Each structure stands twice: as structure tokens, then as C-alpha cells.
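Topology and contacts: notes
Here's the letter readout for the chains.
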Amino acid sequence: MSSKSANVDLGSAHVFLTGGTGFLGQAVLERLLSDHPGTTVTLLIRKKGSTPAEDRLRTLLKKPVFRVWREKVGEEEVERAVRERLRVVESGLGPLPPLPSDLDVVIHSASTVSFDPPIDAAFDTNVGGAVGLYEALLASGSDPQVVHVSTCYVGGIRKGVAPEAALTHDVDWRAEYEAARSARVRVELASRQPDTLRGFIEDSRAVHGKEGPQAVAKYAEAARVEWVQSLLVDYGRTRAESLGWTDVYTLTKAFAERAAEQLWAANGHRLSIVRPAIIESALRHPYPGWIDGFKVADPLILAYGRGQLPEFPGLPDSALDVIPVDYVVNVILAVAANPAPAAEPEYFHVSSGASNPLPMHRMFYNVNLFFKNNPMPQQGSGEHIVAPTWRFPGGRKVESALRRALQRNERRVKWLERFRSTARNRGKMAKVQQRRSDLELLSNFTELYRAYVQTEIIFDDTHTKALNARIPAKLRDDIGFDVTAIDWEDYFQRVHFPAVMAMTRAFTVRPTASEKTERVLPRRTDVVAVFDLEGTVVDVNLAVQYLWVRSAGFRKAAWPGEFLSLAANLPTYLKAERRDRGEFIRVFLRRYKGMPVARLEKVVSKGYGDTLLRHTLPEAVERIREHRAAGHRTVLVTGSIGILASPLAGLFDEVVASTMHQQDGVLTGFLERPPLVDEARAAWLRQYAAANGINLSQSYGYGDSHADLVWLELLGNPSAVNPDTNLSREAQRRRWRIYNWKRGANKLTHDGIAQAHNGVASASATSEEASKGAGT
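All values reported here derive from a predicted model rather than from experimental measurement.

Under the defined criterion, the tally for this structure stands at 34 salt bridges. For the salt bridge of Glu654 with Arg633, the shortest nitrogen-to-oxygen distance reads 2.7 Å. You can see Glu654 sitting in strand S14 (residues 654-658) and its partner Arg633 sitting in strand S13 (residues 633-641), a full 21 residues away along the chain. Residue class for Glu654 comes out buried when judged on its relative accessible area of 11%. Exposure remark for Arg633: the relative accessible area of 33% places this residue in the partly exposed category. In this structure, the salt-bridge partner of Arg734 is Glu730, at a minimum N-O distance of 2.9 Å. Separated by four residues within a single helix, Arg734 and Glu730 lie in helix H27 (residues 725-734), roughly one turn from each other. When its relative accessible area of 25% is taken as the criterion, Arg734 is described as partly exposed.

Structure, rendered in C-alpha cells:
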């Protein structure tokens, strides 16, 4: 390598930049615009949805990285740069359209940055992207200096010093590329085999059966897609390890280097390969702390601050090789301005481990110090999270303890699922679900980052230091890259950690589903408030209602026999309820077979009706009245027969219910049409909204059962009321409101309901006529 002063000016070079919309590419483009005003830059940008590449470029230039430049030169100069200096080739990675024939410099920084993408995606982006670029360059007839951005970790799993040189493996990257591309076809075929599909269907039915057959199919297909992705990720990870690499990311970056060497340098062209370590926020340029999204180390930092990493399987003396993004940009542009000889590739490590090492124990000291001084809030408690203390017990111990903790937590989940969903049990379930999430996060981090926090590799940076030494001394503070000048404590405490925290809402405590502040209902007439009956408006189910009816119509001598009959059939009812809410309703309502309609109406109008009103939840009544006062249309929907809901009809504008077939004034036990539950209720709701001009995105829904999920999710304001375990879990995950309405002193009477109704509706609206009016 030459010892003369380095060239630092790209002059009027025509630069082709890939990955310009990414973190590193944005920083490179900003430096070209601000410090190399004579350059012309052509960017490879793909169309995104309906947004063309040109529009994406204009949006890109409004990002924070360009703020200082824009303020310095003014908007007129920005517009001139867009017109005269910036060009776009609209394409993604892979086979490219014809490239300009006058290119002087190519900076290839585009790649997937995920450690564990599916194997085909990783190869298509990292290897296929490189192949497509070099084939297009060869076809263009131009002879640019190519700066191929790779990663320090391309050398695979090893110990000791990694030299700045070509990799020594002899793996056939072309054969591996073809195998990876065909992996998806093989896995997709396997996922569609009958036995595999049956497994997805059975698992989906076990969890989502109460939502309806379409829900079962939807979640079964989602499980199949997830299975395919998971298997392809495992393919990539396992194949990488079998060849000696840490993951499919580093494997494909290594193969991309070999493609660059064979397709470009071997054909007599100039090639420099720049290998950065873990790139993090800027130290100085464009301003201290600039970063665009979370990078490699940042999820670990946040998880630690949130108390989710009580321990981690890192080696205390392992070097965490971090480098500020502006140092990487400076190396790339210095290499671009000082080309390698033709057909003799040069290699540069942009790393800190050799010259200014940051061992894991020092990184822990910094992150612990920061969160001791800036603790994160404990959600819902008003207190702060105590920063954990790591003891570095070793990877095997951490992973073994993690497995045991996951097993214990799963046993607790299964135990809680056996009990009725109460406010107390829902609180316990929320805690174990959060614990599961924390443990899974730690498990994922352990798997993903193991090689990076347990590495014993030192990346030699001799070439990079020599290039920095050739930069004129007066310019080194601005465009140099001397890593020994980095004060890690100052960088983390003053620059990087505050930048990471600024990107998150970590210091803004979001309310939980049950903590959301109640808002005054907006007045409008184009919304509906739909209430389920059993468990939502009243605290009883169909069985209890049936017992009320029978107790009012039976002789005392017949009562024990009826009770024993109900108890004997209880297992059948429970199985039906777990499988399908509609099936349970059909089976249970058969018990009304043979009952004269007149007798049932008489029972309901007397003792049954008074009892039902006493079991109506006061908070439900208050909520119904609030909706009506706001001008909302209120609808009670139940899968049971309308006459059993008739005592409450006066509270609502409409009651939509089932009707039982009768013959000669006697109930047959069969419904006139399928009960309005799960997907049937969702279909009714869509039709009802269309027929009545209802805005579902602004409407409200209240339900208590997992079977209600499929129609609640159609509404903009869904609420779970005293939810069962499955609905509670979904409501918490989706951050819906959760109400714990309890039975209390209720002075609700028939006269009170009628008076509150103000003549809008009457009890007669509960029967078939109301159902027809609602479109059921």
C-alpha cells in the first residue's frame, strides 16, 4: 500500500450507490452531498408499493441525516442538487437494468441486515444482489473503482487475529446459492402435505374453534406460513453453522465477497472490500448521536434497561467490536478516492477491537451506569426498574437456567388456564404472559447474539490505520478514522445511549388495556354499540336462565329430577361449548322441547323477568344509557331465543335474537335459523352496517367470550367485559379496553326500563320481527 498522502477529494466522479436508503447508505450519501460537491450520484432505489423511486429519493432527503446539510446550503441548492447531481436507477437487488457507462466509483452497501432471515431471502439479497451488480457493471463497459461493503464477521467461527485479506474457504458459493434458492420450493411443498396440514388445522381448531370455521382456516394458514418461514430460517442457521459460520448473514456476506473477487477483480477491475464491525450512532458527523433505527446492539441495550436481561451469556473479556457510523463512512470514501490496483483487491477492517478494545465487562459497566442514572419507569406502578447486575456465569449456565424458567412459566400458564377468568386471575395471567415474552426475548437474543458476545476474534486493522495516517493531519478530525481517539465512556453516556432512548417511547408509559382513561362518548348518529348478553350485560348463562324458567313452571317434586338431568348432561354441554358456541346453544336449547309457548311467556313476564333484572350488571346499564345519550344506536345481540331477553328490551334500540320453532303452540326445541354467534354475528354486523349507514370504524362492541373476538375486531372501539381466558389474552395483546363489571345493588325494574326507553322500543322487539328488521 502506498505511503504517500491520501487523496481525499472525489472531484467530479460519477458515483453509483446501492443501499442509499439504508442506515449506512444515507450517511454515505450525505457526505457526498456535503463534502464532495462536484460529484454526481446515481442511486439504486426500488419502487415501494405505488411510490416511485424518484419520490422515495425526495422523501429520503428530508430525513434527519440531511438536516445540517439542508440548513447550510438552503432549499434552492437542495433542489439544484436533486436536478443536477442526483439520478435514480429504479430497481431492487438482483438482475439490474442497464447501468451508466461512465461510472467512476461504485459503493455497494446494500444487503439484508438481519442475522437470521430465511435462507432463500438471505442468498437472494446478499449473494444475488452482488452477482446482479457485477454482471450489470461488466455489461455496461465502465471500469469503476468498486467499494464492496461487507462485515468483519465474514471469516466464520474462529479465534485469534483475523487478517485484512481474502477469505481462505473453498466452499462452492454458486452451488450453495442454487440450493438455497430451491429450499423454499421444497419447504412449501412439505407444508402442503396432508399430514402437515391436518396438524395446522387441529392446532388452529383447538385455539380458535369458537371463532368459527373461517377463523380456523385463517389461523391454520397463518401457522403454515409461519412454519415455512421458521424452517427456512433454521435451514439458513444450520447450514451456516455446518460450514463454519455464525449465521446465514455472515455466510452470505462471505459468498458475496467471493462473487466480487471472481466476477469483478478477476476480470481485471479495481476492487476494495471494506469490512465494518458493529455499526452504531455517529460520534461527530452529521451530528453526535445520529442514528436511523435500532442497530445490532440497541435491542440488547433497551431490553437491559427494561429489566428483561437479568443475565446474559457473554464472555466478560470478549471484545464487543463497536464502531461509529461516521468512521465507517470516512473509510469508505477514503478507499473510494484511493483505488486498489487492477485485479489486486484490497481489504480494510473498520473495527475497534485491535486498537481500542471494548470488552463485554466494560460495556456492561457503561450500560449499567446509564440506567442507574436514568432508570426506566415500571409500567403501571409509578416506580422505576432496577438495572440488573450481570455475573457472567457462562453461556451454558445461562441457557440451562433459561430453559428451566421457560418450562416453569409454561406450567403456570396451563395451571391458570384451568380457572375461571376473574379480574385477579387475569392479572396473574398478564404477569405470566409478560414473563413468557421476556423469557422468549432473552432466548432469541441468546441465540442470535451468542457468536457476537462470546467472540474471541480480534480484527486486524493495519491497512485501515495506514490509510488514516496518509490523510492530511489537519483533516483527520473531520474525515479521519482513528479509533484510538474514541473515549468509550463519553461516547456511550453522552452520545449513543441518549440517542437510542430518544428513538423509543421508553420513558412514556403507555396505559394497559384496563388502565385507559375513560373518554366521553362523542355525539354521533352513524355508530352502533353492540352488546352481547350472557356474561356481558347479565352475569348468568343459558343454563342458569333455564333453571329459572323451570323452577317457576315445575312442581317441587319434579325439580330434583330436572336438576339431576342437567348435571348428567353437563359434560356434553361443556364439550360442545369448548368446540363451538353455536353447537352448545343448539344442544342446550333442546331442553325447551315440549314447553308451551304461553307458559314460557307467562314465566318470563313474572318471576323470571324480575330475576333477570336483578342479575343485570349496573355498569352495563350505565354504559348502555351513555351510548343512547350520545345518539348511538344500541343493539343487544344474543344467540339465545328472543323471549328470554325480552325483559331487557327497553334498554336498547333493538334486540337481535334467535327464534325457536313451535308447532301448535308448543316449542319443538329447534331454532328457526342458525344462532347468531361468532362468524355469523360478524356477517350480520357487516350487513347491518351497510343497510343502516353505520361507520364500523367508529362503532363500539362489548363481549365476554373468545367466540366474540371475530365480530369485536370489526369495530373501532372493541371492549372485553369480564372476558374468558382466551379473549382476555387477545384483548391485552391488542390493547383493547377490559372492563371488570360486577353485580351490585341493582334497582332496575320493568317500569324503570320502559320509562328509560322513552318509547323508542318495546319488549316486542325481541322476537322474530326484530330479527327480520335487523337482517337476520
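Having put the structure on the table, let's press on.
Turning our attention to a positive patch on the surface. Taken together, the side chains of Arg403, Arg404, Arg408, Arg411 and Arg435 define a basic patch exposed on the protein surface. Looking at which element gives the most residues to the positive patch, the answer is helix H13 (residues 395-417), with four residues. On the secondary structure map, Arg408 appears in helix H13. Taking the relative accessible area as the measure of exposure, Arg408 reaches 47% and is therefore partly exposed.

Counted by the stated rule, this structure contains 30 aromatic pairs. With a centroid separation of 5.9 Å and 75 degrees between ring planes, the pair formed by Trp488 and Tyr491 is classed as edge-to-face. Here Tyr491 and Trp488 lie together in helix H17 (residues 488-502), a separation of three residues that amounts to about one turn. For the pair Trp488 and Tyr491, a shared accessibility class is recorded, and that class is buried. Members of the aromatic cluster, joined through ring pairs, are Tyr304, Phe364, Phe370, Phe371, Trp390, Phe392, Trp488, Tyr491, Phe492 and Phe497.

Here we take up the packing of helix H5 (residues 119-140) against helix H9 (residues 248-263). For the pair H5 and H9, interaxial distance at closest approach is 9 Å and the crossing angle is 15 degrees. Classed by the angle they form, the pair H5 and H9 counts as roughly parallel. Of the two elements, H5 crosses H9, and the hand of that crossing is right-handed. Across the interface between the two elements, Ile119, Ala122, Phe123, Asn126, Val127, Ala130, Val131, Tyr134 and Leu138 of H5 pack against Val248, Tyr249, Leu251, Thr252, Lys253, Phe255, Ala256, Ala259, Ala260 and Leu263 of H9. Classifying every residue of the contact of H5 with H9 gives 16 nonpolar, two polar and one charged.

Below, the discussion takes up the confidence of the model for the protein. Per-residue pLDDT for the protein has a mean of 87; in total, 91% of the residues score no lower than 70. The model gives residues 758-776 a pLDDT under 50, and that stretch makes 34 contacts with residues more than four places away or in other chains.

A cis geometry characterises the amide bond from His285 onward to Pro286, with omega recorded as 5 degrees. Here Pro286 is to be found in the loop between strand S8 (278-280) and helix H10 (298-305). Residue Ala343 is not a glycine yet carries a positive backbone phi of 65 degrees. In this fold, Ala343 is placed in the loop between helix H11 (325-337) and strand S10 (346-350).

Our next topic: the side chain of Arg258. You can see Arg258 is positioned in helix H9. Side-chain polar atoms of Arg258 contact the backbone oxygen of His169, separated by 3.2 Å. Discounting residues that sit within four places of it in the chain, Arg258 has contacts with Leu167, Thr168, His169 and Trp173.

Below, the discussion takes up H9. Taking 1.5 Å of rise per residue, the 16 residues of H9 would be expected to cover 22 Å, and the 22 Å separating its terminal C-alpha atoms lies within 8% of that figure. For H9, the buried fraction is high: 15 of the 16 residues fall into the buried class. With a side-chain oxygen positioned 3.2 Å from the backbone nitrogen of Tyr249, the residue opening H9 is Asp247.

Attention shifts here to the sheet that holds strand S5 (residues 145-149). Read from one edge of the open sheet, seven strands run S3-S2-S1-S4-S5-S7-S10, paired in parallel fashion. In the strand order of this sheet, the two ends are held by strand S3 (86-90) and S10, each with one partner. When strand polarity is set aside, the average angle formed by the axes of neighbouring strands in this sheet is 20 degrees. With five bridges connecting them, strand S1 (residues 14-18) and strand S2 (residues 40-45) associate as parallel partners. Each residue of the ladder has a partner; that of His14, found in S2, is Thr40. In this fold H11 packs onto strand S4 (105-108), S5, strand S7 (271-276) and S10, with an angle of close to 155 degrees to the strand it touches most, S5.

This paragraph deals with the packing of H10 against H17. Two numbers describe how H10 lies on H17: the axes approach to 11 Å, and their chain directions differ by 80 degrees. Looking at the two axes, H10 sits roughly perpendicular to H17. Within the contact between the two elements, H10 uses Asp298, Ile301 and Leu302 and H17 uses His496, Phe497, Val500 and Met501.

Moving on to the nonpolar core. Residues Leu29 and Ile107 are the most contacted members of the largest nonpolar core, which totals 104 residues. No other element matches H11, which puts eleven residues into this core. Beyond its immediate chain neighbours, meaning those up to four positions away, Leu29 contacts Leu17, Val41, Leu43, Leu60, Leu61, Phe66 and Leu86. Judged by nonpolar contacts, the second largest core, of 50 residues, contains Leu589, Met660, Tyr739 and Trp741.

Counted by the stated rule, this structure contains five cavities of 30 Å³ or more. Put simply, the parts of the chain that give the lining of the largest cavity at least two residues each are H10, helix H12 (360-373) and helix H14 (423-453). Examining the composition of the lining of the largest cavity, we find that four residues originate from one element, H12, more than from any other. Looking at the lining of the largest cavity residue by residue, the classes come out as 17 nonpolar, no polar and no charged. Estimates place the volume of the second largest cavity at around 60 Å³. Considering the residues around the second largest cavity, the lining is formed by Leu416, Phe419, Arg420, Ser421, Thr422, Asn425, Arg426, Met429, Thr725 and Ser728. Going through the elements one at a time, H14 and H27 are the ones with two or more residues in the lining of the second largest cavity.

Conventions we followed
Residues numbered from 1 in each chain as written. Predicted model: local features only at pLDDT ≥ 70, side-chain atom pairs only at ≥ 80, totals over all residues. Heavy atoms only, no water. Salt bridge = Lys/Arg side-chain N within 4 Å of Asp/Glu carboxyl O. Helix = DSSP H or I, 4+ residues; strand = E, 2+ residues; numbered from the N terminus. Buried < 20%, exposed > 50% of the residue type's maximum accessible area, 1.4 Å probe, protein only. Patch = residues over 30% accessible without salt bridge, like charges linked within 9 Å, V, L, I, M, F, W, Y side chains within 5 Å. Areas by Shrake-Rupley, 256 points an atom, 1.4 Å probe, with all protein chains shown as cover. Lys, Arg positive; Asp, Glu negative; His and termini not counted. Charge placed at Lys NZ, Arg CZ, Asp CG, Glu CD. Phe/Tyr/Trp six-rings, centres within 6.5 Å; stacked < 30°, edge-to-face > 60°. Axes fitted to C-alpha atoms, helices over the stretch in contact; angles between N-to-C directions. Parallel < 35°, antiparallel > 145°, perpendicular 65-115°, else oblique. Left-handed = near helix turned anticlockwise from the far one by under 90°. Contact = heavy atoms within 4.5 Å. Nonpolar A, V, L, I, M, F, W, Y, C, P; charged D, E, K, R; others polar. pLDDT = per-residue confidence, 0-100. Polar contact = N/O pair within 3.5 Å; in protein donor to acceptor, adjacent residues only side chain to side chain. Expected span 1.5 Å × (residues − 1). Pairing = 2+ DSSP bridges. Core = buried A, V, L, I, M, F, W, Y, C linked by side-chain atoms within 4.5 Å. 1 Å grid on protein atoms, 1.4 Å probe; cavity = no way out; pocket = protein on both sides within 12 Å on 5 of 7 lines; lining within 4 Å. Points joined across faces, edges and corners; volume = space filled by probe spheres on them.

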